[in-house]
Amino acid sequence: MAHSISSDICEGIADCVSACPVSCIKQADGKNSKGTDYYWIDFNTCIDCGICLQVCPVEGAVLAEERPDLQKTGQ
Ligand code: SF4
Ligand code: SF4
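Engineer: Explain the pattern of salt bridges residue by residue, including any values.
Structural biologist: Under the definition given, this model contains 5 salt bridges. Residue Lys34 is joined to Glu11 by a salt bridge in which the shortest nitrogen-to-oxygen separation is 3.1 Å. Placement of the pair is Lys34 in the loop between strand S2 (25–31) and strand S3 (37–41) and Glu11 in the loop between strand S1 (4–5) and helix H1 (15–19), with a sequence separation of 23 residues. Lys34 gets classed as partly exposed once you look at its relative accessible area, which sits at 40%. We note a salt bridge from Arg67 to Asp69, for which the minimum N-O separation is 2.8 Å. The partly exposed category is assigned to Arg67, whose relative accessible area is 26%. Residue Asp69 is classed as exposed on the basis of its relative accessible area of 55%. Residues participating in the shared-partner salt-bridge network are Glu65, Arg67 and Asp69.

Engineer: Run through the site of ligand 2, naming residues and quoting values.
Structural biologist: Around ligand 2, the surrounding shell holds 13 residues, and the nearest of these are Cys20, Cys46, Cys49, Gly50 and Cys52. Split into classes, the residues belonging to the shell around ligand 2 amount to 10 nonpolar, 2 polar and 1 charged.

Engineer: Let's hear about the nonpolar core: which residues, and what values?
Structural biologist: Within the largest apolar cluster, 15 residues are counted, with the highest numbers of intra-cluster contacts made by Ile5, Ile25, Ile41 and Cys52. Put simply, the parts of the chain that give this core at least two residues each are S2 and S3. Examining the composition of this core, we find that 4 residues originate from one element, S3, more than from any other. In contact with Cys52, not counting residues within four places along its chain, are His3, Cys16, Ile25, Ile41 and Val62.

Engineer: Quick rundown of the side chain of Ser7? Include the residues and the values.
Structural biologist: Looking at where Ser7 falls in the secondary structure, it is placed in the loop between S1 and H1. Ser7 sits in the buried class, given a relative accessible area of 0%. With residues near it in sequence (within four places) discarded, Ser7 still touches Asn32, Tyr38, Leu70, Gln71 and Lys72.

Engineer: I'd love a proper account of the site of ligand 1, names of residues and values included.
Structural biologist: The full set close to ligand 1 counts 13 residues, and Cys10, Ile13, Ala14, Cys16 and Cys56 are the nearest of them. Of the residues assigned to the shell around ligand 1, the class counts are 10 nonpolar, 1 polar and 2 charged.

Engineer: Tell me about unusual backbone geometry, residues and numbers included.
Structural biologist: Despite not being glycine, Ala14 shows a phi value in the positive range, around 70°. By the element assignment, Ala14 lies in the loop between S1 and H1. Of note in this structure, Ser23 is not a glycine but carries a positive phi near 50°.

Rules and cut-offs
- Residue positions are given per chain, counted from 1 along the sequence in the order it is written.
- For naming, the first written chain is A and the first written ligand is 1, with later ones following in the order written.
- Local features in this predicted model are restricted to residues whose pLDDT is 70 or higher, and side-chain atom pairs enter the listing and the counts only when it is 80 or higher, whereas totals over whole chains, interfaces and linings include all residues.
- Here the side-chain values reflect all heavy atoms present in the structure, with hydrogen atoms and water set aside.
- For this analysis, a salt bridge means a side-chain nitrogen from Lys or Arg found within 4 Å of a carboxyl oxygen belonging to Asp or Glu.
- Put simply, DSSP H or I for four residues or longer makes a helix, DSSP E for two residues or longer makes a strand, and each gets a number counted from the N terminus.
- Exposure classes here rest on a 1.4 Å probe applied to the protein chains alone. A residue is buried below 20% of its type maximum, exposed above 50%, and partly exposed in between.
- One heavy atom suffices: a residue is near a molecule or strand as soon as one of its heavy atoms comes within 4 Å of it.
- Residue polarity is assigned by list, with Asp, Glu, Lys and Arg as charged and Ala, Val, Leu, Ile, Met, Phe, Trp, Tyr, Cys and Pro as nonpolar; anything else, Gly included, falls into the polar class.
- Each nonpolar core is a collection of buried residues, namely Ala, Val, Leu, Ile, Met, Phe, Trp, Tyr and Cys, held together in the definition by side-chain atoms within 4.5 Å.
- Only heavy atoms matter for contacts: two residues are in contact if any of them lie within 4.5 Å across the pair.

Below, the structure is given as structure tokens:
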């Protein structure tokens, strides 16, 4: 089970990207429904360490479960 980023809550601050020990957080190509950049987690690489959840300043942006229904990849 991997962590997820709720695409429409993420504000593109990217604190999570450099904190992830396996570099599996990627920037999506487009904008989310708030018009900001957003990021997504590669479920196949995530080791479920929870660091992204600890460092993200946006309440509810990172979810401690695999939610492909809430996470868009922008691809
Ligand atoms: S999940 Fe949080 S830390 Fe990562 S880009 Fe989105 S808002 Fe920023
Ligand atoms: S749970 Fe850990 S491995 Fe998975 S995306 Fe977050 S920081 Fe990266």
